[in-house]
Amino acid sequence: MDDLLVFLSQEWMLVGILVVLIYVYAWRERLKNGQPISTSEATVLINTDAGIWLDVRENGEFKNGHIVDAINVPHGKLAEQLDSLEKYRDKTLIVVDKMGQHAGSAGRQLGAKGFTVRRLSGGISEWQNQNLPLVKK
């Protein structure tokens, strides 16, 4: 432990550079997955017809409650169904999942194919926490 403290004090510049590089890497990865968007920002995008909801939860979860006009493409089937999303290429796809666990990888897949992607912060759980409406089918 003493050796670590000595190293950190003597090589503070290298340690600082390492910390900055880790931060930049994490920041770039976050942007690759689609920038997070709040519920209010997402609602503005939808209301101005500049965005479309893409719900990547499984069909059963989607039927139990989803955002109005959301398109359901389960996360596991996204790669197979990318062609069906081509008609929305000119809009921002707002990826929604349960709590944010799959939105990042879905955003990365969509971004790699040239789509403009944002991720709903907190997923459908945050939407419900703010008492925003869901449609049940």
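Scroll up a little and you will see the structure.
Residues numbered from 1 in each chain as written. Predicted model: local features only at pLDDT ≥ 70, side-chain atom pairs only at ≥ 80, totals over all residues. Heavy atoms only, no water.

Let's shift gears to the pattern of salt bridges. It is possible for side chains bearing opposite charge to pair when their charged atoms get close. Here the structure, examined in full by the defined rule, presents four salt bridges. Between aspartate 49 and lysine 91 there is a salt bridge whose closest N-O contact spans 2.8 Å. Placement of the pair is aspartate 49 in the loop between helix H3 (39–47) and strand E2 (51–55) and lysine 91 in the loop between strand E3 (71–72) and strand E4 (92–96), with a sequence separation of 42 residues. Assessed through its relative accessible area of 54%, aspartate 49 is described here as exposed. (Salt bridge = Lys/Arg side-chain N within 4 Å of Asp/Glu carboxyl O. Helix = DSSP H or I, 4+ residues; strand = E, 2+ residues; numbered from the N terminus. Buried < 20%, exposed > 50% of the residue type's maximum accessible area, 1.4 Å probe, protein only.)

Quick look at the packing of aromatic side chains now. Overall, the coordinates contain one aromatic pair when judged by the stated rule. Lying across the ring of phenylalanine 115, arginine 89 places its NZ or CZ 4.2 Å from the centre. (Phe/Tyr/Trp six-rings, centres within 6.5 Å; stacked < 30°, edge-to-face > 60°. Lys NZ or Arg CZ within 6 Å of the ring centre and 35° of its normal.)

Quick look at the side chain of histidine 66 now. Counting through the fold element by element, histidine 66 comes out in the loop between helix H4 (59–64) and E3. By relative accessible area, which is 5% here, histidine 66 ends up buried. Here the side chain of histidine 66 touches phenylalanine 62 through a polar contact of 3.0 Å, landing on its backbone oxygen. When neighbours within four sequence positions are excluded, histidine 66 is seen to be in contact with Asp55, Arg57, Leu134, Val135 and Lys137. (Polar contact = N/O pair within 3.5 Å; in protein donor to acceptor, adjacent residues only side chain to side chain. Contact = heavy atoms within 4.5 Å.)

Once that is clear, we can look at the nonpolar core. Judged by nonpolar contacts, the single largest core of 16 residues is most densely connected at Leu54, Leu78, Leu85, Leu93, Val95, Leu110 and Phe115. Residue assignment for this core shows that the elements contributing at least two residues are E2, E4 and helix H5 (103–112). Sorting elements by how many residues they give to this core places H5 first, with three residues. With near-sequence residues (within four places) excluded, leucine 78 lies in contact with Leu54, Val73, Leu85, Ala106, Gln109 and Leu110. (Core = buried A, V, L, I, M, F, W, Y, C linked by side-chain atoms within 4.5 Å.)

Here the focus is H5. Along H5, the positions that sit buried rather than exposed are Ala103, Gly104, Ala106, Gly107 and Leu110. For H5, the angular spread of the buried residues around the axis is 160 degrees, confining them to a single face. Looking one or two residues past H5, glycine 114 carries a phi angle of roughly 95 degrees, positive in sign. (Arc of directions from axis to C-beta.)

For the rest of this paragraph, the subject is the sheet that holds E2. Spatially, the five strands line up as an open sheet ordered E1-E5-E4-E2-E3, and their pairing is parallel. Single-partner strands in this sheet number two, and they are strand E1 (35–37) and E3. When E2 meets E4, the two strands line up parallel, connected through five bridges. By the bridge assignment for E4, glycine 51 is matched with threonine 92. Sheet strands in contact with H3 are E1, E2, E4 and strand E5 (116–120), and its direction is about 120 degrees off that of E2. (Pairing = 2+ DSSP bridges. Axes fitted to C-alpha atoms, helices over the stretch in contact; angles between N-to-C directions.)

Bringing unusual backbone geometry into the picture now. One non-glycine residue, aspartate 69, lies in the positive phi region at around 65 degrees. Positive phi outside glycine occurs at asparagine 131, with the angle close to 55 degrees. As for its position among the elements, asparagine 131 is in the segment after helix H6 (123–129).

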